[in-house]
Amino acid sequence: MSSDNILLDVKGLKKYFPVRKGLLRRVVAQVKAVDGVDMYIKEGETLGLVGESGCGKTTTGRSILRLIEPTAGEIIFKSKKLGTDGGYKEIDVAKASRKMMKALRRDMQIIFQDPYSSLNPRMTVGSIVGEPLLVHKIAKGQEREERVRELLAAVGLKPDHMKRYPHEFSGGQRQRIGVARALALDPQLIVADEPVSALDVSIQAQVLNLMEGLQEEFGLTYLFVAHDLSVVKHISDRVAVMYLGKIVELAATEKLFGNPKHPYTEALMSAVPVPDPDYNVERILLEGDVPSPVNPPSGCYFHPRCRYAKDICKTEEPIYRDLGDEHFVKCHLAEELSLRPVVSE
Ligand code: SF4
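If you're wondering where the values come from, they're calculated on a predicted model, not measured in any experiment.

Colleague: Quick question: what am I supposed to make of empty space enclosed by the protein here?
Modeller: A probe as big as a water molecule, rolled over the atoms, marks out the empty space that is left. Inspection of the entire model under this criterion finds four cavities of 30 Å³ or more. Its residues assigned to classes, the lining of the largest cavity shows ten nonpolar, three polar and no charged. In this structure, the second largest cavity spans a volume of roughly 70 Å³. Every residue lining the second largest cavity is listed: Tyr243, Lys246, Val248, Gly299, Cys300, Tyr301, Phe302, Glu317, Pro318 and Lys330.

Colleague: When you look at the site of the ligand in this model, what are you seeing that I'm missing?
Modeller: Neighbouring the ligand are His262, Pro263, Cys300, Phe302, His303, Cys306, Ala309, Cys313, Pro318, Cys331, His332 and Leu333. Of all the cavities here, the one that holds the ligand is the largest cavity. Its residues assigned to classes, the shell around the ligand comprises nine nonpolar, three polar and no charged.

Colleague: Quick question: what am I supposed to make of the sheet that holds strand β1 (residues 6-21) here?
Modeller: Sheets are built from strands paired through backbone hydrogen bonds, the pairs being either parallel or antiparallel. Taken together, the four strands give an open sheet; going across it, the order is β2-β1-β4-β5, and neighbouring strands pair in antiparallel fashion. A strand with exactly one partner marks an edge of an open sheet, and here the two such strands are β2 (26-42) and β5 (89-92). For this sheet, the mean inter-axis angle between neighbouring strands, taken without regard to orientation, is 20°. Looking at chain direction, strand β4 (residues 72-79) and β5 are connected through four bridges and run antiparallel. In the strand pairing of β5, isoleucine 76 is matched with aspartate 92. Contacting β1, β2 and β4, helix α1 (residues 57-64) runs over the sheet at an angle of about 115° to β1.

Colleague: It is not clear to me how the side chain of aspartate 193 should be interpreted in this structure. Could you clarify?
Modeller: Mapped onto the secondary structure, aspartate 193 falls in strand β7 (residues 189-193). A polar atom in the side chain of aspartate 193 sits 3.0 Å from the side chain of threonine 58. Once residues lying within four places of it in the same chain are set aside, the contact partners of aspartate 193 are Thr58, Arg62, Ile110, Ile111, Phe112, Gln113 and Val225.

Colleague: Is there a simple way to think about the domain arrangement of the protein in this case?
Modeller: How large an interface is tends to be reported as the accessible area lost when its parts come together. Here the protein is partitioned into domain 1 (1-107 + 188-203 + 211-345) and domain 2 (118-186). Averaged C-alpha coordinates put domain 1 and domain 2 at centres separated by 30 Å. Taken together, the contact between domain 1 and domain 2 spans twelve residues of the former and 13 residues of the latter. Carbon and sulfur atoms supply 69% of the area buried between domain 1 and domain 2, which totals about 1,000 Å² over both sides. A per-residue breakdown of the area domain 1 buries against domain 2 is headed by Lys102, Arg106 and Leu214, which together make up 42% of the total. Taken together, the connections running from domain 1 to domain 2 amount to zero salt bridges. Class assignment for the residues of the side of domain 1 that touches domain 2 results in seven nonpolar, one polar and four charged.

Colleague: So what exactly am I meant to see when it comes to helix α3 (residues 125-135) here?
Modeller: Given 3.6 residues to a turn, an α-helix orients residues that are three or four positions apart in the same direction. Of the positions making up α3, those classed as buried are Val125, Gly126, Ile128, Val129, Gly130, Pro132 and Leu133. Considering only its buried residues, α3 is in contact with α4 (141-154) and α5 (171-183). At the exit of α3 stands lysine 137, carrying a positive phi of roughly 50°.

Colleague: Hey, could you run me through the layout of surface pockets in this one?
Modeller: Each pocket or cavity is described by its volume, and for the largest pocket that value is around 360 Å³. Lining the largest pocket are 18 residues, with Gln109, Ile110, Phe112, Pro132 and Arg181 sitting closest to its centre. Where the lining of the largest pocket is concerned, the elements lending two or more residues are β6 (108-111), α3 and α5. Broken down by element, the lining of the largest pocket gets its largest block of residues, four residues, from α3. For the lining of the largest pocket, the residue count by class is eleven nonpolar, four polar and three charged. Mapping the lining of the largest pocket onto the domain boundaries places at least three of its residues in each of domain 1 (1-107 + 188-203 + 211-345) and domain 2 (118-186).

How each quantity is defined
Position numbers for residues count from 1 along each chain, tracking the sequence in the order it is written. pLDDT decides what is reported in this predicted model: residues at 70 or higher carry local features, side-chain atom pairs at 80 or more are listed and counted, and totals for whole chains, interfaces and linings draw on all residues regardless. To get the side-chain values, all heavy atoms of the structure are used, and hydrogens and water are removed first. Computed over the protein atoms alone on a 1 Å grid, cavities are sets of points where a 1.4 Å probe fits but cannot get out and pockets are open sets with protein on both sides within 12 Å along at least five of seven lines; a residue lines them when it has an atom within 4 Å of a point. Grid points are joined across faces, edges and corners, and a volume is the space filled by probe spheres set on the points. Following the grouping adopted for this structure description, the nonpolar residues are Ala, Val, Leu, Ile, Met, Phe, Trp, Tyr, Cys and Pro, the charged ones are Asp, Glu, Lys and Arg, and the polar ones are all others, Gly among them. When we say a residue is near a molecule or strand, we mean one of its heavy atoms is within 4 Å of it. Any molecule with more than half of its atoms within 2 Å of a cavity's or pocket's grid points is counted as sitting in it. In short, DSSP must find at least two bridges between two strands for them to pair. Secondary structure elements are taken from DSSP: a helix is a run of H or I of four residues or more, a strand is a run of E of two residues or more, and numbering for both begins at the N terminus. Think of each axis as a best-fit line through the C-alpha atoms, taken over the contacting stretch in the case of a helix, with angles from 0 to 180 degrees between the N-to-C directions. In this description, contact between two residues means that some pair of their heavy atoms is separated by no more than 4.5 Å. In protein, a polar contact requires one atom able to donate a hydrogen and another able to accept it; more generally it is a pair of N or O atoms within 3.5 Å, and residues adjacent in sequence count only if both atoms are side-chain atoms. Domain ranges listed in this record stem from an automatic or a database domain assignment. Buried area: the accessible surface (1.4 Å probe) lost by two parts on joining, summed over both. One side-chain nitrogen of Lys or Arg within 4 Å of one carboxyl oxygen of Asp or Glu is enough to make a salt bridge. A 1.4 Å probe rolled over the protein chains alone gives each residue an accessible area, and that area as a share of the maximum for its type sets the label: buried under 20%, exposed over 50%, partly exposed in between.

What follows is the structure, given as structure tokens:
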């Protein structure tokens, strides 16, 4: 695989949260929220990151942006703004200094899940969207106002919305304001953290279409974090499936949905509604609860809930490997299992 068009290369990313107990607040255990994630995102693509709630997908997104400090791993990012002579500069975000992080904030932005709590209710929309321009000393006064107008137009809002406050807007419009703020610094990478899950289904499609349009217009790269597989299928070029802090399968969207290779992916997909009444879907019910990330199972983390598990699965952790054509999977039996695809729409 050529590394030329890889914008972000994450290697061995870990984020552990200490569990403290007693008067002396001694560390008695670690919550392994992200436990050795390897993935790359190509320039201009959307990588979907899915999994059940608590699987570590949001922590992965936030660790990549250093909104929370990673415990270990490399996050290699190719910055255009910090490059010279029109080239890129490779930076390990995990080790970047505070000064470097401030510069990198211009390249890497986030759209939050909740458009209600992520916007300051005491600031006007103009101040919210224009704030990054002030903080990074990019524009002020008239110039800043003009840029805010452009950004609002880009996300389908009107110039006079600048003077209003967040509570005057619907959920979909607020998310558009969040998108405009993320775009203000002309970033290369946007981590979209469940950006539509708090919205009505009818509004979700509008925001997704907006994000797709903006991606084309501004050459954006997205890491799209979501628990809803249908949403991820709609927007992603490739999809990574996460379970208990690890990526268990990653492939191009058609390949993952048409030829899944991990039993967890198969089970997740069996819950996706299929718009064909003649297609008889057998839902695969996962036995038991998601195990605790403080004390994960031995061998393959998924083995207590896997209907194909064999003895080896209980003792040996499978290697995350490429089956060919950038189809990565972490399962001992990936080659021999014949798993059920989701019918294409
Ligand atoms: Fe199931 Fe074994 Fe594969 Fe894990 S390694 S997903 S337990 S078959």
